[in-house]
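Observations on the model geometry
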Amino acid sequence: MKLKKIGCFILTAMLSIGVLTACSSSTKTDAKNEGTKTENSISKDVHVGINFLDAGLDPAIEYQGWQTVRSGVAETLVKVDSNLKVQPFLAKEYKQVNDTTWEFVINDNVKFHNGKPCTAVEVANSLQRSIQLNDRAKEALKDVKIEGKDNILTITTSKAYPYLDQVLSDPMFAIVDSEAGKDEESFKTKPICTGMFMVESFNPEKEAVMKSFDDYYGGKSKTQNLKYTLISDSNTRMLSLQSGEINVTVGLADQDLSVIEKDEKFVTEKVDSARLMYALLNPKNEFLQDKKVRQALNYAIDKQTMVSSVLASNASVADTMYPSVLGYNDENADVYKYDIEKAKKLLEEAGYKDTDGDGIVDKDGKNMKLRIAYYSQRAQLPIIAQYVQGEFKKIGVDSELIASEKLAKEQYKAGDFDVAFDSWISAYGPNPAFALNNGFTANAPDNFSGYYKNDRVEEIAKILDSEKDKEKQTSLAKEASRLILEDANNIFFVFTKNAVTRIPNLKNFEVSPIDYYQINANTVIE
């Protein structure tokens with residue numbers, strides 16, 4: 001069987017250099033070399049089957065930049081490599097001049113897809129546009145001064161910002177022609193960027209079609225045409241790959257992966273990721289306002305079985321929001337190891353017993369029943385939801401599964417949930433503030449309806465934004481993770497593995513620990 005499984009994050013000198021390393025057996029293109037000028041020969045078209053297309057491709061709008069960067073249409077100043085180290089990308093080099101000043105040198109001869117030169121001034125205008133249009137960008141680059149002159153971009157922050165380079169790797173900061181972006185409707189479907197591919201057509205209900213950009217500063221890509229086709233159902237995507245309709249797919253459901261891995265006509269590559277899957281427990285719910293109930297639900301979940309049996313070992317147990325290799329988890333904290341008897345005891349201490357013998361605990365004549373909201377865009381979530389429902393039932397908690405295709409953001413924001421599933425990348429590198437600012441502070445985009453509130457965690461996040469000392473960072477991150485566990489407003493399930501399944505002669509289609517990268521100039525069907 002021709003199968004390559006790509007391994008695991010490995011921690012190398014984390015405390016001294018703050019870097020993650022991922023061991024990998026797949027062929028990868030070094031970020032520094034992707035811009036090397038070469039005249040590559042044109043080869044066969046690459047056709048990708050995916051389970052989700054966003055509403056548009058404008059990098060500055062919400063999370064649309066993820067697809068734009070993955071497909072080689074857009075580029076950020078820097079990128080994160082397979083070892084989670086920041087490398088130059090659109091910038092050919094950069095440096096931190098002092099605590100508050102960074103300089104980025106833009107690659108030579110960069111052009112936008114409309115032929116317009118991309119100078120440092122244009123880069124500055126693009127970053128300002130992202131700040132104006134994206135609330136996450138506004139929060140990430142607040143109180144900064146951005147200036148461009150010739151090919152030098154200078155960013156000055158109001159305080160020390162040790163992870164600014166990592167922040168700028170986010171696709172929401174992909175560089176675009178901001179003048180062309182004023183035509184918002186057209187830009188949504190055909191953004192003018194700097195990547196090796198340019199958009200030919202886009203239909204969010206069907207496909208995204210790209211062609212090679214002949215004036216790409218790094219040299220013409222090896223592939224002329226690229227297509228992403230929306231195939232929501234995992235099994236249908238697998239069958240489309242087997243039939244030759246597509247030649248690569250990402251994110252197959254675990255049961256389909258287990259089938260395709262046995263097929264010698266295809267290669268499956270996997271890498272451990274920092275994508276967290278977890279549950280939000282709404283403390284405003286009449287049952288969940290009791291901390292003992294929330295703790296009981298945590299103890300009720302057998303995560304090891306979830307990983308080994310339910311998810312076919314295509315994930316790893318999540319004790320907190322931090323991947324364990326970061327070293328930010330407090331080894332003395334209670335991570336709610338599976339203990340069904342302890343879960344039952346906590347419910348009893350909270351006043352819940354099965355008084356009528358129907359198998360469901362009750363209090364004051366009312367059965368405990370929770371609504372579990374999840375979405376199918378992430379293939380693992382429906383499977384996890386069914387498993388969690390069964391685990392809750394074992395301790396006498398009834399539940400109803402409420403499914404949606406995508407994350408029901410407006411419902412979540414309104415606080416219309418009891419238990420809500422969520423998933424996002426919790427680490428793009430060693431920055432411990434990222435996870436806090438994304439999910440656990442007052443302005444965090446995934447702190448829906450302010451379900452989580454802890455003044456000390458809020459304070460720690462603000463300190464970490466500018467703290468440079470690695471030992472202090474680790475100490476503060478451990479404290480925050482311990483406090484979040486103690487509050488028990490979440491059930492942390494797993495960190496998933498990223499998986500790509502392709503025909504063997506498709507080369508240099510990236511599988512990364514994070515979800516930003518797939519296509520580069522050397523992606524080709526040989």
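What counts, and where the lines are drawn
Residues numbered from 1 in each chain as written. Predicted model: local features only at pLDDT ≥ 70, side-chain atom pairs only at ≥ 80, totals over all residues. Heavy atoms only, no water. Helix = DSSP H or I, 4+ residues; strand = E, 2+ residues; numbered from the N terminus. Rg over C-alpha atoms; globule rule 2.2 N^0.38 Å. Buried < 20%, exposed > 50% of the residue type's maximum accessible area, 1.4 Å probe, protein only. Pairing = 2+ DSSP bridges. Axes fitted to C-alpha atoms, helices over the stretch in contact; angles between N-to-C directions. pLDDT = per-residue confidence, 0-100. Contact = heavy atoms within 4.5 Å. Expected span 1.5 Å × (residues − 1). Polar contact = N/O pair within 3.5 Å; in protein donor to acceptor, adjacent residues only side chain to side chain. Phe/Tyr/Trp six-rings, centres within 6.5 Å; stacked < 30°, edge-to-face > 60°. Lys NZ or Arg CZ within 6 Å of the ring centre and 35° of its normal. 1 Å grid on protein atoms, 1.4 Å probe; cavity = no way out; pocket = protein on both sides within 12 Å on 5 of 7 lines; lining within 4 Å. Points joined across faces, edges and corners; volume = space filled by probe spheres on them. Nonpolar A, V, L, I, M, F, W, Y, C, P; charged D, E, K, R; others polar. Salt bridge = Lys/Arg side-chain N within 4 Å of Asp/Glu carboxyl O.

Per the secondary structure count, the protein chain includes 16 helices and 23 strands. Scaling as 2.2 N^0.38, a compact globule of 526 residues should have a C-alpha radius of gyration of about 24 Å, and the protein chain matches this with 23 Å. Along the three orthogonal principal directions, the C-alpha set of the protein chain runs to about 75 × 55 × 45 Å. Looking at the protein chain as a whole, 58% of its 526 residues are labelled buried.

Let us look at the sheet that holds strand β7 (residues 101-106). With antiparallel pairing, four strands are arranged side by side in an open sheet as β6-β7-β9-β8. Every interior strand has two partners, whereas the edge strands, β6 (91-98) and β8 (144-149), have only one. Going from strand to strand, the sheet's axes swing by 15° on average, the running direction of each strand aside. Sheet topology places β6 next to β7; six bridges connect them, and they run antiparallel. Each residue of the ladder has a partner; that of Ala91, found in β7, is Ile106.

Counting all residues, the mean pLDDT for the protein chain is 91, and 92% of those residues have values of 70 or more. Segment residues 1-42 is flagged for pLDDT under 50; beyond a separation of four residues in sequence, or across chains, it makes 119 contacts in the model.

This next bit is on helix α12 (residues 380-394). Taking 1.5 Å as the rise per residue, α12 with 15 residues should run 21 Å; its terminal C-alpha atoms sit 22 Å apart, in good agreement. Two residues or fewer past α12, Gly396 is found with a positive phi of approximately 85°.

Our focus in this paragraph is unusual backbone geometry. Despite not being glycine, Tyr336 shows a phi value in the positive range, around 60°. Within the secondary structure layout, Tyr336 lies in the loop between β15 (315-317) and α11 (340-349). With a phi angle near 55°, Ala488 is a residue other than glycine that sits in the positive phi range. With respect to the helices and strands, the residue Ala488 is situated in the loop between α16 (470-487) and β21 (490-502).

Below, the discussion takes up helix α9 (residues 291-299). Most of α9 sits inside the fold, with seven of its nine residues counted as buried. When we look at burial in α9, the residues that qualify are Val293, Arg294, Gln295, Ala296, Leu297, Asn298 and Tyr299. Looking at the packing, one finds that the buried side of α9 touches β14 (267-281), α11, β18 (369-375), α12, α16 and β21. The opening residue of α9, the one whose side-chain oxygen lies 2.9 Å from the backbone nitrogen of Lys292, is Asp290.

Under the criterion given, the structure shown has 22 aromatic pairs. On the numbers, 5.2 Å between centres and 70° between planes, the contact of Tyr322 with Tyr328 is edge-to-face. Tyr328 shares its class with Tyr322; the two are buried. Here Lys79 stacks its cationic end above the ring of Tyr517, 4.3 Å away from the centre of that ring.

Glancing now at empty space enclosed by the protein. Empty space among the atoms can be located by rolling a probe the size of a water molecule over them. Scanning the entire structure with this criterion turns up three cavities of 30 Å³ or more. Taken as a whole, the largest cavity spans an internal volume of roughly 70 Å³. Lining the largest cavity are twelve residues, and of these Val69, Gly72, Phe89, Tyr517 and Ile519 sit closest to its centre. Partitioned by chemical class, the residues of the lining of the largest cavity number six nonpolar, two polar and four charged.

The next point concerns the pairing of strand β3 (residues 46-50). Of all five residues that make up β3, five are buried, and the element is covered over most of its length. What you see with β3 is no split at all: Val46, Val48 and Ile50 on one side and His47 and Gly49 on the other are buried throughout. Both β3 and strand β12 (residues 225-230) contribute to a ladder of five bridges, which runs parallel. Considered in β12, the bridge of Ile50 is made with Leu230.

A word on the pattern of salt bridges. Tallied over the full model, the rule gives 32 salt bridges. Asp330 is the salt-bridge partner of Arg482, the closest N and O atoms lying 3.5 Å from each other. Residue Arg482 is located in helix α16, and its partner Asp330 is located in the loop between β15 and α11; the two are separated by 152 residues in the primary sequence. On the basis of relative accessible area, Asp330 is assigned to the buried category, the value being 16%. Across the pair Glu479 and Arg456 runs a salt bridge, and its minimum N-O distance is 2.8 Å. Of this pair, Glu479 sits in helix α16 while Arg456 is found in helix α15 (residues 455-464), placing the two residues 23 residues apart along the sequence.

This brings us to the environment of Arg237. Turning to its location among the elements, Arg237 is positioned in helix α7 (residues 234-243). For the pair Arg237 and Asp256, spaced 19 residues apart in sequence, the C-alpha separation works out to 9.3 Å. Among the polar contacts listed, one links the side chain of Arg237 to the backbone oxygen of Ile231, at a separation of 3.0 Å.

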